[in-house]
Amino acid sequence: MKKTILTLLCALMALSLNAQLRTPPASPTFELKGTVGMTEVKVVYSRPSAKGRNVFGQLVRFDEVWRTGANASTKISFNEDVKIEGQPVAAGTYALYTVPGEETFTIILNSNTGLWGKDGYNPEEDVLRVKVPTKHPSSHYETFTISFSDFTFNSAKLNMKWEKTKAVFTIESDVDSQVMAYIKEHLIDGNTAKDSDYYAAASYYYEHGKDNQKALNWIKKAIEITGEKAKYWEYHLKAKVLYKLEYFEDAKKAATTSKSLADTAGNKDYVRLNENLLGQIGLE
């Protein structure tokens, strides 16, 4: 019995010696993900807090390369080629450095992603350098924060905010060439397109001010393929395209059909959309 107790005590002592005290990190690591156009963008960074300190110009010196966060260098990844502030950047993962200044921030993408902070940083490994204005918002950001904003169909802004300083740069995804390549392969040159492809192509052309006659042909094709199971959203798009082409009588018929189908399906939003469109057409 004594031997068993002694063995248990030894085991407990060994466990206590191996245990380590865990405390929250001063600058926790955070992962930001978003889709810009059709490109997946990921940012991994550590988030320091101001804690009453004057940040830019003192804690983070002006006109010197900054790791853009804390701990290891901040990483930004793109799964497809993009443009940053209009400059091309190949798909891949990069270290995101910045050079803060009173008037401008220099945004740097560097190919060496294995560094701790800026130790070992080599400007010859930069793949991009662009300047953006330094902004001074009225809000106070206690903790360094990176976020997306101002999304369009092919772009978004990446915001870096800390204390009362903010820098923003634009990421663009080459959506149009990808969409047009798919349309050419499957709708124009091929015969593998589904009704949903024709609907999407018509919608894309309509929404982005392209050839509305082609948009009309494609939405007609989508409805033809769907047949008696054609949906209210398909007829609504047809009505909008016809209205844009000034085929007002046909637009009224399509909108009326869409409204009836939406009413049957219990979709009040589309009922209202069609009522608004019929009001714009204004035909008795």
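Everything below is about the structure printed above this text.
Note on numbering: residues in each chain are counted from 1, in written sequence order. Per-residue local features of the predicted model are confined to residues with pLDDT of at least 70, and side-chain atom pairs are confined, for both listing and counting, to 80 or more; whole-chain, interface and lining totals are unaffected and use all residues. In computing side-chain values, all of the structure's heavy atoms are included and hydrogens and water are not.

With respect to helix 3 (residues 195-207)
Because the α-helix completes a turn every 3.6 residues, residues three or four places apart line up on one side. Put simply, the rule reads: Secondary structure follows DSSP: runs of H or I at least 4 residues long count as helices, runs of E at least 2 residues long count as strands, and numbering of each begins at the N terminus. Take the number of residues in a helix, subtract one, and multiply by 1.5 Å to get its expected span.
Compared with an ideal rise of 1.5 Å per residue, which puts 13 residues at 18 Å, helix 3 spans 18 Å between its outermost C-alpha atoms and is within 8% of the ideal. In the stretch just after helix 3, Gly209 is the one whose phi turns positive, near 65 degrees.

With respect to unusual backbone geometry
Note the following rule: Accessibility here uses a 1.4 Å probe with only protein chains present; expressed as a share of the type maximum, an area under 20% marks a residue as buried, one over 50% as exposed, and anything in between as partly exposed.
Non-glycine residue Lys51 carries a positive phi angle of around 55 degrees. Checked against the element boundaries, Lys51 lands in the loop between strand 2 (39-46) and strand 3 (70-78). The exposure class of Lys51 is exposed, given its relative accessible area of 56%.

So, the nonpolar core
Put simply, the rule reads: Throughout this description, the term nonpolar core refers to a set of buried Ala, Val, Leu, Ile, Met, Phe, Trp, Tyr and Cys residues connected via side-chain atoms within 4.5 Å. In this description, contact between two residues means that some pair of their heavy atoms is separated by no more than 4.5 Å.
Within the largest apolar cluster, 33 residues are counted, with the highest numbers of intra-cluster contacts made by Ile76, Phe78, Ile84, Leu109, Leu158, Phe169 and Ile171. The element best represented in this core is strand 10 (residues 155-163), accounting for four residues. Those residues within four positions of Leu158 in sequence are excluded, and the remaining contacts are Leu32, Val43, Ile76, Ile146, Ser147, Phe148, Ala167, Val168, Phe169 and Ile171. Formed by 27 residues, the second largest nonpolar core is a distinct cluster that contains Val179, Ala201, Ala202 and Val241.

Quick look at the pairing of strand 11 (residues 165-173)
Definition in use: A pair of strands is treated as paired once DSSP finds two or more bridges between them.
The element strand 11 is extensively covered by neighbouring structure, given that seven of its nine residues are classed as buried. Where strand 4 (residues 82-84) and strand 11 come together, three bridges link them in antiparallel fashion. Among the inter-strand pairings, Lys83 is bridged to a residue of strand 11, identified as Glu172. The pairing of strand 8 (residues 126-135) with strand 11 spans two bridges and is classified as antiparallel.

Overview of the pairing of strand 10
Counting buried positions over the nine residues of strand 10 gives eight, a clear majority of the element. Note that strand 9 (residues 141-149) and strand 10 share six bridges and pair antiparallel. Within the sheet, the bridge partner assigned to Thr145 lies in strand 10 and is Lys161. If you look at the hairpin formed by strand 9 and strand 10, you'll find five residues sitting between the two strands, and Asp150 has a positive phi there, around 55 degrees. In terms of strand pairing, strand 10 meets strand 11 through eight bridges, oriented antiparallel. Looking at the pairing, Ala156 lines up with Ile171 of strand 11. Once strand 10 ends, the chain turns through one residue before running back antiparallel as strand 11.

Description of the packing of aromatic side chains
Aromatic ring pairs are defined here through the distance separating the ring centres and the angle between the ring planes. Inclusion rule: Pairs were defined over the aromatic rings of Phe, Tyr and Trp, the Trp ring being its six-membered one, requiring ring centres within 6.5 Å. Orientation was assigned from the angle between planes: stacked under 30 degrees, edge-to-face over 60, tilted for the rest. Placement of a charge over a ring requires the Lys NZ or Arg CZ to be within 6 Å of the ring centre, with the centre-to-atom vector within 35 degrees of the ring normal.
Taken as a whole and assessed by the stated rule, the structure comprises 16 aromatic pairs. Note on Trp66 and Phe144: the rings are 5.2 Å apart at their centroids and 65 degrees apart in plane angle, and the pair reads as edge-to-face. One end of the pair, Trp66, is in the loop between strand 2 and strand 3; the other, Phe144, is in strand 9, and 78 residues separate them in sequence. Note on accessibility: Trp66 and Phe144 belong to one class, buried. Centre to centre, the rings of Tyr205 and Trp218 are 4.8 Å apart; their planes meet at 80 degrees, and the pair counts as edge-to-face. Highlighted residues: Tyr205 in helix 3 and Trp218 in helix 4 (residues 212-226), separated in sequence by 13 residues. Neither Tyr205 nor Trp218 differs from the other in exposure class; each is buried. Connected via pairs of aromatic rings, a cluster forms that spans Phe30, Tyr45, Phe56, Trp66, Phe105, Phe144 and Trp162. The ring of Phe30 has Arg47 lying over it, and the distance from NZ or CZ to the ring centre is 5.3 Å.

Here we look at the pattern of salt bridges
The condition that has to hold: Throughout this description, the term salt bridge denotes a Lys or Arg side-chain nitrogen within 4 Å of a carboxyl oxygen of Asp or Glu.
The final tally for this structure, using the stated rule, is 10 salt bridges. As a salt-bridge pair, Asp176 and Lys210 come within 3.2 Å of each other at their nearest N and O atoms. Of this pair, Asp176 sits in helix 2 (residues 175-188) while Lys210 is found in the loop between helix 3 and helix 4, placing the two residues 34 residues apart along the sequence. Take Asp176: its relative accessible area is 30%, and that puts it in the partly exposed class. Between Lys259 and Glu275 there is a salt bridge, with the nearest N and O atoms lying 3.6 Å from each other. Of this pair, Lys259 sits in helix 6 (residues 248-265) while Glu275 is found in helix 7 (residues 268-281), placing the two residues 16 residues apart along the sequence. A single salt-bridge network, built from bridges that share partners, covers Arg61, Glu64 and Lys118.

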